[in-house]
Structures are given as structure tokens and as C-alpha cells.
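# Inside the fold
Each chain, written out:
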Amino acid sequence: KNNDELVSENLRAKNQDSLIIYDDFIKPIFQEKCIACHNSIDGMGGLRMETYGDLFQESDHGRAIVAGNSAKSNLFNRVSLPADHEKAMPPRGMGFGYTDIQLLKYWINNGADSLATFQSETMDEELINLINRDYGLDFSPKPHYEKVKTDSLDKGLLSLLRGAGFRVNYLSEANYLLDVEFKGSTIGENEIKLLNKVANQITFLKIVSCKLSDDLVKTMPIMEHLTKIDLSQNPINKEVAPYLAKHTHLETANLNETNITFETTQNLLSQATLTKIYVWNTNLSSTEVSNLIQTYPEVEIISQFEFEEVVDAKSVFNKE
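All values reported here derive from a predicted model rather than from experimental measurement.

Another point: the pattern of salt bridges. Applying the stated criterion to the full structure yields nine salt bridges. With a shortest N-O distance of 3.9 Å, Lys-218 and Asp-215 are connected by a salt bridge. Given a relative accessible area of 54%, Lys-218 falls into the exposed group. Given a relative accessible area of 55%, Asp-215 falls into the exposed group. Here Lys-276 and Glu-300 are joined by a salt bridge, their closest N and O atoms 3.9 Å apart. One end of the pair, Lys-276, is in strand S8 (residues 276-278); the other, Glu-300, is in strand S9 (residues 300-302), with 24 residues separating them in the sequence. Lys-276 sits in the partly exposed class, given a relative accessible area of 24%.

Structural data, given as C-alpha cells:
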């Protein structure tokens, strides 16, 4: 195995969320490409790079690292130059690779802290893909429900919910957030009160075609970890926007075949964190849907059924 393969293997063996950008990525790059010239003995250009503190000292050409500003960091500017440029660093041997440069840029611009870790929310897609390609590490943003840790419910409470017409499942054996669906034909105050008992663990909720009204929506609990909700085929409208807007992690809302209007939908999209909403067969006209699509381009607004293309099946048998 070459050195790059060994480095990647060692990094993957660690807890990904605890990887330190400086210790695990930046410092090894410096040791390989810089310290032979920038040490306590040679200190070329008045720059030492043996310790973290050395990087922020004044050198003959300014500060190597200016925390928060890669454009003013002399080191970053020099290693980013074309290899044949007279000021490019290092002057001999293999220079910084493209991934090395992007890692350094990210680290500097995010404060150049010695204990900084990768945060998916602050990483652009290119950097995520580069680290995945070169190190086999996946820092793609995780959905909210994968980040939450919670305890399992009392079995008696689960039985109570199921007896009242709810299908209740944990997301997985290791994730105790709930996927809840009401299977009855009519939902009422008693069922809503039961939802209150497990509100903080619900992440997927489906209450479809069960005569859910605006008055009942007003009594529904706020669900801290709700990411997906389906309220389709119910006579609801004006209370939907203020209710759903209270859920800071909500991504998808299915409001197909409800009474929602343009005003309600506009209020919802202007307040909520939605990335996708279904509004098929509602009181929205095609013109109003087009208006919303133009106004909220960051939200996927689905107003009609879409079918994936079906590829003709191929026989698994060989022709004689």
C-alpha cells in the first residue's frame, strides 16, 4: 500500500465525527511538503511550520495563516499558485494537490482552529465529494432524524397507541424516533391527546383521509423532530400554515386533496423550512402554482402525479 492509501485507511478507522482537521489532515500535509524548509533550523523566509502556533507568526512575507481569511493568508496564496510560478510553494517536488488546497481553504476560512472538526452544514458539495473520493469519508449532510438520540417508549404506551388505531414503528433497531400513521377513518380529540404523549419522538407522521379539521389541527402537538408529514385528503386549510411553520426540522409536507388555498400555501412557504410540498387537487390554480414555483425556487412544489419511465422488462431466459 502507498502512503495515501495508509493515511485513508487510518482515518476511516477513526470515528468520523471526531476527526480533527488540523491534526488529521492539515498537519500531515505540512509535514510532508513544508517542514523540510520551514523548521526551527532553516526557517526559510522567516517562516517556521513545526507547531500550530508558528503558523500565525509574522514572517518575511506576512502571516502564513490569517484565521478566517484564506485570501490574506500568504501560505494559502503561495501553495495555490501554478507549479511553474516563481513564487509557488513548495519550490521542488510534488506541490499541494487540489484536495489539499480545498481542505486548507476550508480550514482557514472557518477559523483555523486547532480543534476544528468538519461540519457538513458549512462544507460545499465539491469539498464533500473530494474528501469522499480521496479519503473514503462521507461528510454528506445527514437528515435530522439520523442525528437525534432518544430512548425507547414504554411498551404499554405503544400498545395504547396501536389500540387506538395508530401504526407505530421505530425507524430502526438503533433509532427510537417514530414513524406514526393513523389507520382509522375518523380522528378526534382523544387520538390527538395520545399523539401528545409521544410528540417529542415523532419524525414521520401520516394522518390521511380521516376527517382531520382545522379545529383539530389547532390542538395537535408541536413535534420537535418532525421531518415529514402527510395530511392529504382532509378538509383542512387556514390552520395548516401556522401549525406546520412551528416545526423547524420539517422538510416534506403532503397536502394533496385538501382545501388549502394560494394564501395558505404562500404563508406556509414563507415561514416553514420545507424543501418539498405536494399540492395536487387542491384549491390552487395552475397559475397560482406557477407563481409559487417562481417565488420559492428552493422548494420542490409538486402539483400533479408524476410517473417514472418504466423500462421494458428483459427476459432472464436465453433464447434457444
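Turning to the packing of helix H11 (residues 262-271) against helix H12 (residues 286-295), a few remarks are in order. Two numbers describe how H11 lies on H12: the axes approach to 11 Å, and their chain directions differ by 15 degrees. By the criterion of interaxial angle, the relationship of H11 to H12 is roughly parallel. Every pair of crossing elements has a handedness; the one defined by H11 and H12 is right-handed. Where H11 approaches H12, its residues Phe-262, Thr-265, Gln-266 and Leu-269 are matched on the opposing element by Glu-288, Asn-291 and Leu-292. Residue classes in the contact of H11 with H12 are distributed as three nonpolar, three polar and one charged.

On inspection of all chains with the given rule, the structure shows ten aromatic pairs. Taking the centre distance of 6.4 Å and the plane angle of 65 degrees together, the rings of Tyr-52 and Trp-107 count as edge-to-face. Of this pair, Tyr-52 sits in the loop between helix H2 (21-33) and strand S1 (58-59) while Trp-107 sits in helix H4 (residues 98-109), and the two are 55 residues apart along the sequence. Taken together, the aromatic side chains of Phe-25, Tyr-106, Phe-118, Tyr-135 and Phe-139 make up a single cluster linked through ring pairs. We note Lys-228 situated over the ring of Phe-204; from NZ or CZ to the ring centre the distance is 4.9 Å.

All right, on to the sheet that holds strand S4 (residues 178-182) then. Read from one edge of the open sheet, seven strands run S3-S4-S5-S6-S7-S8-S9, paired in mixed fashion. Taken across any chain shown, the strands that pair with only one partner, and hence form the sheet edges, are strand S3 (166-170) and S9. The mean angle between the axes of side-by-side strands here comes to 10 degrees, regardless of whether they run parallel or antiparallel. For S4 and strand S5 (residues 202-207), the ladder comprises five bridges, and the chain directions are parallel. Bridging from a neighbouring strand, Leu-178 pairs with Ile-202 of S5.

When you line up the elements, Val-79 lands in helix H3 (residues 74-79). For Val-79, the residues in contact, after removing those within four places along its chain, are Met-89, Phe-96, Ile-101 and Leu-104.

Here we take up the packing of H4 against helix H5 (residues 125-135). Contact pair H4 / H5: the axes reach a minimum separation of 10 Å and the direction vectors enclose 130 degrees. One element, H4, and the other, H5, form an angle in the oblique class. Handedness of the H4/H5 crossing: left-handed. Of the residues in H5, those in contact with Tyr-98, Thr-99, Asp-100, Gln-102, Leu-103 and Tyr-106 of H4 are Glu-126, Leu-127, Leu-130, Ile-131, Arg-133, Asp-134 and Tyr-135.

Ile-202, Leu-205, Ile-207, Leu-212, Met-220 and Ile-277 are the most contacted members of the largest nonpolar core, which totals 48 residues. Here the element with the most residues in this core is helix H10 (residues 240-244); it accounts for four residues. The residues touching Leu-212, leaving out its near neighbours within four places in the chain, are Ile-187, Ile-207, Val-217, Met-220, Leu-231, Asn-234, Pro-235 and Ile-236.

For the rest of this paragraph, the subject is H11. Spacing of three or four residues puts side chains on the same side of an α-helix, whose turn is 3.6 residues. All of the buried residues in H11 are Thr-264, Thr-265, Leu-268 and Leu-269. Axial view of H11: buried residues confined to an arc of 125 degrees, hence all on one face. Elements that come into contact with the buried residues of H11 comprise H10, S8, H12 and S9.

Residue Pro-90 is bonded to the preceding Met-89 through a cis peptide linkage, with omega at -5 degrees. Within the secondary structure, Pro-90 sits in the loop between H3 and H4. Despite not being glycine, Lys-211 has its phi angle at roughly 60 degrees, a positive value. For Lys-211, the location among the structural elements is in the loop between S5 and helix H9 (214-217). What makes Lys-211 exposed here is its relative accessible area of 55%.

Criteria and thresholds
- Residues numbered from 1 in each chain as written.
- Predicted model: local features only at pLDDT ≥ 70, side-chain atom pairs only at ≥ 80, totals over all residues.
- Heavy atoms only, no water.
- Salt bridge = Lys/Arg side-chain N within 4 Å of Asp/Glu carboxyl O.
- Buried < 20%, exposed > 50% of the residue type's maximum accessible area, 1.4 Å probe, protein only.
- Helix = DSSP H or I, 4+ residues; strand = E, 2+ residues; numbered from the N terminus.
- Axes fitted to C-alpha atoms, helices over the stretch in contact; angles between N-to-C directions.
- Parallel < 35°, antiparallel > 145°, perpendicular 65-115°, else oblique.
- Left-handed = near helix turned anticlockwise from the far one by under 90°.
- Contact = heavy atoms within 4.5 Å.
- Nonpolar A, V, L, I, M, F, W, Y, C, P; charged D, E, K, R; others polar.
- Phe/Tyr/Trp six-rings, centres within 6.5 Å; stacked < 30°, edge-to-face > 60°.
- Lys NZ or Arg CZ within 6 Å of the ring centre and 35° of its normal.
- Pairing = 2+ DSSP bridges.
- Core = buried A, V, L, I, M, F, W, Y, C linked by side-chain atoms within 4.5 Å.
- Arc of directions from axis to C-beta.

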